[in-house]
Amino acid sequence: MEQCKFLGKWKVWLWVLAIPLFTQCGISSFYPLVKEGEGSDIPELVGTWKSDDGQMQQSTWNISHLSDQRYRLEYIEKKKGNRIFCELIASKFGNVTWLDIQPDLNLTSERTNNKVQNSLLMNSLVVGHLFIRVKTINNNELEIAELSEDEVKEMNQLLRKSGSSDTLQLLKNAQSSLLISETDLIRKGISLYSAAKPIASNKAFVLKRAK
């Protein structure tokens, strides 16, 4: 019986490399952005957030506080009512806040009776971390942008200018891209990029705090 449970969960794990929360071509990472104990406490994140009806991927984000520097995200798709539970850790790079989101498969399986085959779980091979940059956060609005391939290219340009001999590496398949560089290099690239590049308004995804 235990073996059947394990095999069932493993089958689901095979579908979690990319977690595109509001695009169809997101980047996930094999390594985390935030090291143990190096997260930031961002209490403004806590609450229920909803995307505007006119946005492509209508969704609800329920964010609750788990412990120091750690949060739980319950992501719900409006169209199908599918949901997934994730662990969220925030980190500040200068004045820019980044979110590291990773699916919690055990909790999702437990609370959804294993019905987790939705647009969050695409053709994938490993459980990935999704990196999101926060443009705006206040009492009423959370404006965020998912890491893109173009931004990874810009990070590599900045890394080369800084004298780094290493660049961020992507492993691609038909539907998604996996960032396979380790945490230290990712953090260096994101630090350089955060200092140099504002988020373009047309790339931001807006969530409104539910009343």
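How each quantity is defined
Residues numbered from 1 in each chain as written. Predicted model: local features only at pLDDT ≥ 70, side-chain atom pairs only at ≥ 80, totals over all residues. Heavy atoms only, no water. Helix = DSSP H or I, 4+ residues; strand = E, 2+ residues; numbered from the N terminus. Areas by Shrake-Rupley, 256 points an atom, 1.4 Å probe, with all protein chains shown as cover. 1 Å grid on protein atoms, 1.4 Å probe; cavity = no way out; pocket = protein on both sides within 12 Å on 5 of 7 lines; lining within 4 Å. Points joined across faces, edges and corners; volume = space filled by probe spheres on them. Nonpolar A, V, L, I, M, F, W, Y, C, P; charged D, E, K, R; others polar. Contact = heavy atoms within 4.5 Å. Salt bridge = Lys/Arg side-chain N within 4 Å of Asp/Glu carboxyl O. Buried < 20%, exposed > 50% of the residue type's maximum accessible area, 1.4 Å probe, protein only. Phe/Tyr/Trp six-rings, centres within 6.5 Å; stacked < 30°, edge-to-face > 60°. Pairing = 2+ DSSP bridges.

J.: I'd love a proper account of the overall build of the protein chain, names of residues and values included.
T.: Counting secondary structure elements, the protein chain contains four helices and eleven strands. Taken as a whole, the protein chain presents about 11100 Å² of accessible surface, with 50% of it coming from carbon and sulfur.

J.: So what's going on with the layout of surface pockets? Which residues, and what values?
T.: Of the pockets and cavities examined, the second largest pocket occupies roughly 190 Å³. Taken together, 15 residues form the lining of the second largest pocket, with Val34, Glu36, Arg70, Glu87 and Ile89 sitting closest to its centre. The set of elements that each furnish at least two residues to the lining of the second largest pocket consists of β5 (83-93) and β6 (96-103). Across the lining of the second largest pocket, the residue classes break down as three nonpolar, five polar and seven charged.

J.: Requested: an account of the environment of Gly47, with residues and values cited.
T.: Of note, Gly47 is situated in strand β2 (residues 47-51). C-alpha separation for the pair Gly47 and Trp61, spaced 14 residues apart in sequence, amounts to 8.1 Å. Dropping the residues within four chain positions of it, Gly47 is found in contact with Trp61, Asn62, Ile63 and Arg209.

J.: Can you break down the pattern of salt bridges residue by residue, with the values?
T.: Tallied over the full model, the rule gives eight salt bridges. Notably, a salt bridge pairs Glu87 with Arg70, separated by 3.0 Å at the nearest N-O pair. Placement of the pair is Glu87 in strand β5 and Arg70 in strand β4 (residues 70-77), with a sequence separation of 17 residues. Owing to a relative accessible area of 28%, Glu87 belongs among the partly exposed residues under this scheme.

J.: Lay out the packing of aromatic side chains in plain terms, naming residues and giving numbers.
T.: Under the counting rule described, the total for this entry stands at two aromatic pairs. When the ring of Phe30 is compared with that of Tyr31, the centres are 5.2 Å apart and the planes differ by 80°; the resulting orientation is edge-to-face. Plain terms: the ring middles of Trp61 and Tyr75 are 5.7 Å apart, the flat faces sit at 80° to each other, and that makes the pair edge-to-face. Residue Trp61 is found in strand β3 (residues 59-67), and its partner Tyr75 is found in strand β4; the two are separated by 14 residues along the sequence. Considered together, Trp61 and Tyr75 belong to a single accessibility category, that of buried residues.

J.: Run through the pairing of β5, naming residues and quoting values.
T.: Strand residues, when the strand is regular, have side chains that alternate between the two faces of the sheet. Most of β5 is tucked away, with eight of its eleven residues classed as buried. The pairing of β4 with β5 spans seven bridges and is classified as antiparallel. Directly across from Tyr75, in β5, lies its bridge partner Ile84. Two successive antiparallel strands, β5 and β6, enclose a turn made up of two residues, where Gly94 displays a positive phi of approximately 65°.

J.: Which residues make up the side chain of Asn156, and what values go with them?
T.: Inspection of the secondary structure assignment puts Asn156 in helix α3 (residues 149-161). The class of Asn156 is buried, set by a relative accessible area of 10%. Filtering out sequence-adjacent residues up to four positions away, Asn156 remains in contact with Thr167 and Leu168.

J.: Which residues make up the pairing of strand β7 (residues 129-137), and what values go with them?
T.: Inspection of the sheet shows strand β1 (residues 27-29) paired to β7 by two bridges, in the antiparallel sense. Within β7, the position partnered with Ser29 by the bridge is His129. Sheet topology places β6 next to β7; five bridges connect them, and they run antiparallel. Across the sheet, Thr97 pairs through a bridge with Val134, a residue of β7. In the sheet, β7 pairs with strand β8 (residues 141-146) via five bridges, with the strands oriented antiparallel. Note on β8: the bridge partner recorded for Arg133 is Ala145. Remark: three residues form the turn of the hairpin made by β7 and β8, two consecutive strands paired antiparallel.

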